[in-house]
Amino acid sequence: MTSFPRYAIYFAAGSDSALTRFGAELLGYDAYTGNELPFPADASRLAPDWRDVSADPRKYGFHATLKAPMALASDRREVELVAACATFAGRARAIPVIRPVVDSISGFIAVIPGEPVGELQQLAADCARDFDSFRAPLSAEDRARRKPEKLSERQRHYLDRWGYPYVMEEFRFHMTLTGRLDVERRGPILEMLQGRFAALGLKTLAIDRVALFKQDHAKARFRIIGEWALTQ
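Residues numbered from 1 in each chain as written. Predicted model: local features only at pLDDT ≥ 70, side-chain atom pairs only at ≥ 80, totals over all residues. Heavy atoms only, no water.

S.K.: Which residues make up the pattern of salt bridges, and what values go with them?
M.R.: In this structure the tally under the stated criterion is 19 salt bridges. A salt bridge links Asp-132 to Arg-161; the nearest nitrogen and oxygen atoms lie 3.2 Å apart. Here Asp-132, found in the loop between helix H6 (118-130) and helix H7 (140-145), pairs with Arg-161, found in helix H8 (residues 153-162); they are 29 residues apart in sequence, far enough to count as distant. Residue classification places Arg-161 among the partly exposed residues on the basis of a relative accessible area of 39%. Between Arg-209 and Asp-208 there is a salt bridge, and its shortest N-O distance comes to 3.1 Å. The exposure class of Asp-208 is partly exposed, given its relative accessible area of 25%. (Salt bridge = Lys/Arg side-chain N within 4 Å of Asp/Glu carboxyl O. Helix = DSSP H or I, 4+ residues; strand = E, 2+ residues; numbered from the N terminus. Buried < 20%, exposed > 50% of the residue type's maximum accessible area, 1.4 Å probe, protein only.)

Following this line, the structure appears as structure tokens:
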């Protein structure tokens with residue numbers, strides 16, 4: 001059985017950024033404030049079931065995963081994780097900069113890098129390693145939920161080693177906007193989201209901070225409880 005609370009180390013673009021507002025409005029939820037938001041009119045017109053379309057990512061808030069949700073190990077406490085986030089952010093590193101685009105990835109739609117960025121892969125790998133001592137072991141239920149029978153051998157190894165299959169070489173940065181969509185629905189929704197994103201005029205995006213998200217119980221949404229700028 002999953003233990004709570006759960007914590008995750010994510011990238012979020014900052015409470016006052018246009019990208020955060022873009023994602024929060026589409027998900028109908030702001031992870032910085034915990035407030036529900038009305039959906040954009042064009043999204044609701046195109047997909048009257050937009051609440052269902054965006055239900056999966058709404059639970060987590062608009063983010064990119066760096067260290068996947070985890071319950072804390074029995075000998076760890078929230079205050080220690082908060083301190084570790086500050087320490088991690090305080091170590092000098094190259095700040096990844098991506099060219100953000102909206103596209104389909106594994107059947108859902110997300111903001112993703114236009115091309116691979118080595119510094120971003122390194123940041124994610126560092127997060128996977130550096131925060132792993134805080135992670136409680138996966139329960140059998142949580143492991144089964146990842147459908148290991150559908151994963152590659154390397155992904156199953158990473159699932160058992162790191163508690164998440166999409167780390168290291170398998171990591172793909174994405175800020176999710178929808179759940180998985182059938183092919184026939186995906187095209188029109190992708191076109192609408194690409195148009196909305198283009199209106200932001202966001203040509204580059206610095207992955208310049210880490211945020212600590214917390215989920216209090218199984219029916220709760222994740223909410224940001226701390227954020228730290230990375231040191232260059």
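What follows continues from the structure just given.
S.K.: Outline the environment of Gln-215, listing residues and values.
M.R.: Mapped onto the elements, Gln-215 comes out in strand S10 (residues 209-215). Classification of Gln-215 as buried rests on a relative accessible area of 0%. Separated by 209 residues in the primary sequence, Gln-215 and Arg-6 have C-alpha atoms spaced 5.1 Å apart. Engagement of the side chain of Gln-215 in a polar contact is seen with the backbone oxygen of His-217, the distance being 3.4 Å. (Polar contact = N/O pair within 3.5 Å; in protein donor to acceptor, adjacent residues only side chain to side chain.)

S.K.: Run through the packing of aromatic side chains, naming residues and quoting values.
M.R.: Tallied over the full model, the rule gives 7 aromatic pairs. Where Phe-11 meets Phe-173, the ring centres are 6.1 Å apart and the plane angle is 50 degrees; that geometry is what we call tilted. Here Phe-11 is found in strand S1 (residues 6-11), whereas its partner Phe-173 is found in the loop between H8 and strand S8 (175-176), with 162 residues between them in sequence. A residue is classified by how much of its surface remains accessible, and Phe-173, at 4% relative accessible area, is buried. A network of ring pairs unites the aromatic residues Tyr-10, Tyr-60, Phe-213 and Phe-222 as a single cluster. Residue placement shows Arg-161 over the ring face of Trp-162; its charged tip is 3.8 Å from the ring centre. (Phe/Tyr/Trp six-rings, centres within 6.5 Å; stacked < 30°, edge-to-face > 60°. Lys NZ or Arg CZ within 6 Å of the ring centre and 35° of its normal.)

S.K.: So what about the pairing of S10? Which residues, and what values?
M.R.: Successive side chains on a regular strand alternate, one facing one side of the sheet and the next facing the other. With 6 of 7 residues buried, S10 is to be regarded as a mostly interior element. Pairing geometry for S1 and S10, over 5 bridges, is antiparallel. What sits directly across from Tyr-7, in S10, is Lys-214. Where S10 meets strand S11 (residues 223-229), 6 bridges bridge the pair, whose relative direction is antiparallel. Bridge pairing in S11 places Lys-214 opposite Arg-223. (Pairing = 2+ DSSP bridges.)

S.K.: Could you give an account of the nonpolar core, with specific residues and numbers?
M.R.: Phe-11, Trp-50, Leu-81, Phe-131, Phe-173, Met-175 and Leu-193 are the most contacted members of the largest nonpolar core, which has 51 residues in total. Beyond its immediate sequence surroundings of up to four residues, Met-175 is in contact with Phe-11, Leu-19, Phe-62, His-63, Ala-64, Ala-110, Val-111 and Leu-205. In this structure, Ala-8, Ala-12, Ala-211 and Phe-222 belong to the second largest nonpolar core, which totals 10 residues. (Core = buried A, V, L, I, M, F, W, Y, C linked by side-chain atoms within 4.5 Å. Contact = heavy atoms within 4.5 Å.)

S.K.: Quick one: what's the story with the packing of helix H1 (residues 18-27) against helix H9 (residues 183-198), residue by residue and with numbers?
M.R.: Their axes nearest at 11 Å, the elements H1 and H9 cross at an angle of 150 degrees. Taken together, H1 and H9 sit at an angle that is classed as roughly antiparallel. For the element pair H1 and H9, the recorded crossing hand is right-handed. For the pair H1 and H9, the contacting residues are Leu-19, Phe-22, Glu-25 and Leu-26 in the first and Leu-193, Arg-196 and Phe-197 in the second. A class-by-class count of the residues in the contact of H1 with H9 yields 5 nonpolar, no polar and 2 charged. (Axes fitted to C-alpha atoms, helices over the stretch in contact; angles between N-to-C directions. Parallel < 35°, antiparallel > 145°, perpendicular 65-115°, else oblique. Left-handed = near helix turned anticlockwise from the far one by under 90°. Nonpolar A, V, L, I, M, F, W, Y, C, P; charged D, E, K, R; others polar.)

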